[in-house]
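Letter by letter, the chains look like this.
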Amino acid sequence: MRRIGISTGGGDAPGLNAVIRAACKTAINDFGYEVYGIRNGLDGLFESGGVFPLTHSEVRGILPQGGTILGSASRGNPFLRKVKKNGKEVVEDVTEEYIERIKLVGLDALLLIGGDGTLAIASELTKRGIDVVSVPKTIDNDVGGTDYTFGFDTAVNIATEAIDRLHTTAESHHRVMILELMGRDAGFIALHAGLAGGADVILIPEIPFSFEAVCRKIQRRIARGSKFSIVSIAEGSHPVGGQKVYKRAEDELYVARLGGIGQVVGKFIESICGAETRVTVLGHIQRGGTPTAFDRWLATNYGSEAIRLMARGRFGRMVALQGQRFTSVKIEEALASPKRVDVKGDTLQTARALGIAFGDEA
Ligand code: F6P
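Novice: Explain the nonpolar core here, please?
Specialist: Considering soluble globular proteins, one finds that nonpolar side chains tend to be buried as a cluster. Among the nonpolar cores identified, the biggest contains 65 residues, and I6, L111, I113, V135 and F150 are the most heavily contacted of them. Per element, the largest residue contribution to this core is eight residues, and it comes from helix α5 (residues 152–173). The next biggest cluster of nonpolar side chains, apart from the first, holds 25 residues, and it includes Y36, V105, V143 and V329.

Here you go:
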């Protein structure tokens, strides 16, 4: 093996550049590989200049930079394309076109950095004989087989700072402040930031909530003299027996976009609990900017480990952190067990012991 291609796919996450830098340096320094960057997910395979050499000079200084020097593509499944046939729109499988391009460009192996969408691509390419290693990226921390994805810690820090800032203004105005956070179907960001920021209510997809229980918590606080409350809510949260709130529905090509549950809860609190309420949606601020020290450490180890995996011929695998150890799992296994908050776990127990409500209290 001599030539490896690196690609970053899906929503970006702080630490992507740290992975690229560590992978590139390890590949060149320890194994003498030629490293190529693929631009914009795998789109670069089809673009002029879309596959370009990565050397020490391209990765110099990028460790603290947010985003990705390679660009990303998160428009959905790249292996599916909508085309018109006999006047009708049909979805075509174009995986073989990608495989041909990988071979034509002369890449011996791919390092695909991404979340579940990218892992699905990695799995498909592996099945079709391409040598792939993956690194788990996402602020959502919802990838199976690893304790942490890089990007999560940075998002939690940003969200915690937002809660701290909401706290002071909530207290001044005796308001309920709701902070809607990302995470898709996992509540890790809302839970960890909520705990770190001292939220009074945390709502996560893993625990369907009742509006009444949330209201009871806020009214109890008011009765005790705490006229303000902080609610940390994950975008994928939903009431018992109710639906998640979407900004855009999913279709054959695109995944659904969550968003809006904060407003729904806010309206209820204001009208039924009678507490003045404001809603903040933190959005992509959670994904932007420089990674924390932890994410730089994690991403750097992941990038370097991924190249060592390649050198050992351990393809079809994703690097992982389990406890204190860097290891790897089959991409298939990671995909089969997406991670969710353990509702009986230590963090939940701690939060409940502190009096934080999850909206499921009697
Ligand atoms: O998966 C990362 C993530 O930021 C989710 O938390 C969020 O739901 C989604 O991506 C937003 O996607 P987009 O950047 O396409 O709006």
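Text resumes after the structure shown.
Novice: Help me understand the side chain of S232, please; the structure alone is not making it clear to me.
Specialist: Examined against the element boundaries, S232 turns out to sit in strand β10 (residues 229–234). Note on S232: relative accessible area 0%, which makes it buried. With sequence-adjacent residues up to four places away left out, S232 is seen in contact with I163, L179, L181, A190, G194, A199, V201, I202 and L203.

Novice: Quick question: what am I supposed to make of the state of the cysteines here?
Specialist: When the sulfur atoms of two cysteines share a covalent bond, that bond is a disulfide. Summed over all chains, the structure comprises one disulfide. Disulfide pairing is shown between C215 and C273; the S-S distance is 1.8 Å. One end of the pair, C215, is in helix α7 (residues 211–223); the other, C273, is in helix α8 (residues 261–273), with 58 residues separating them in the sequence. A relative accessible area of 9% means that C273 is categorised as buried.

Novice: Explain the site of the ligand here, please?
Specialist: Near the ligand, the surroundings consist of T138, I139, D140, M182, G183, R184, E235, R257, H284 and R287. In the environment of the ligand, an oxygen atom lies 3.1 Å from a nitrogen or oxygen atom belonging to the backbone of G183. Between the ligand and R257, the relevant distance is 2.8 Å, taken from an oxygen atom to a side-chain nitrogen or oxygen of the residue. Expressed as a share of its isolated accessible area of 400 Å², the protein-covered part of the ligand is 82%. Classifying every residue of the shell around the ligand gives two nonpolar, three polar and five charged.

Novice: I keep staring at the sheet that holds strand β9 (residues 201–203) and nothing clicks. Help me out?
Specialist: For sheets, the rule is that strands pair by backbone hydrogen bonds, running either parallel or antiparallel. The parallel open sheet is built from four strands, whose spatial order is β9-β10-β8-β13. Every interior strand has two partners, whereas the edge strands, β9 and β13 (277–281), have only one. Direction aside, neighbouring strands of the sheet carry axes that sit 15° apart on average. Seen against the sheet, α7 touches β8 (176–181), β9 and β10 and runs at an angle of roughly 165° to β9. Packed on one face of the sheet, α8 meets β8, β9, β10 and β13 and runs near 165° to β8.

Novice: Is there a simple way to explain the side chain of E180 in this structure?
Specialist: By the element assignment, E180 lies in strand β8. As a buried residue without a salt bridge, E180 has its nearest oppositely charged side chain in K247, at a separation of 6.2 Å. Here G262 takes part through its backbone nitrogen, which lies 2.8 Å from a polar atom of the side chain of E180. For E180, the contacting residues outside a window of four places in its chain are I233, E235, G259, G260, I261, G262, Q263, T280, V281 and L282.

Novice: Sorry, what's going on with α8 here?
Specialist: An α-helix turns once per 3.6 residues; consequently, residues spaced three or four apart project the same way. Here α8 spans 17 Å end to end across 13 residues, near enough to the 18 Å set by a 1.5 Å rise per residue. Those residues of α8 not exposed but buried are I261, G262, V265, G266, F268, I269 and C273. Here the buried residues of α8 occupy an arc of 165° about the axis, which is enough to place them on one side. Those residues of α8 that are exposed and aimed more than 90 degrees away from the buried face are K267 and S271. Structurally, α8 contributes buried residues whose contacts are with β8, β9, α7, β10 and β13. Among the residues trailing α8, G274 stands out with phi positive, at a value near 70°.

Calculation rules
Residues numbered from 1 in each chain as written. Predicted model: local features only at pLDDT ≥ 70, side-chain atom pairs only at ≥ 80, totals over all residues. Heavy atoms only, no water. Core = buried A, V, L, I, M, F, W, Y, C linked by side-chain atoms within 4.5 Å. Buried < 20%, exposed > 50% of the residue type's maximum accessible area, 1.4 Å probe, protein only. Helix = DSSP H or I, 4+ residues; strand = E, 2+ residues; numbered from the N terminus. Contact = heavy atoms within 4.5 Å. Disulfide = S-S within 2.5 Å. Near = heavy atom within 4 Å. Polar contact = N/O pair within 3.5 Å; in protein donor to acceptor, adjacent residues only side chain to side chain. Areas by Shrake-Rupley, 256 points an atom, 1.4 Å probe, with all protein chains shown as cover. Nonpolar A, V, L, I, M, F, W, Y, C, P; charged D, E, K, R; others polar. Pairing = 2+ DSSP bridges. Axes fitted to C-alpha atoms, helices over the stretch in contact; angles between N-to-C directions. Lys, Arg positive; Asp, Glu negative; His and termini not counted. Salt bridge = Lys/Arg side-chain N within 4 Å of Asp/Glu carboxyl O. Expected span 1.5 Å × (residues − 1). Arc of directions from axis to C-beta.

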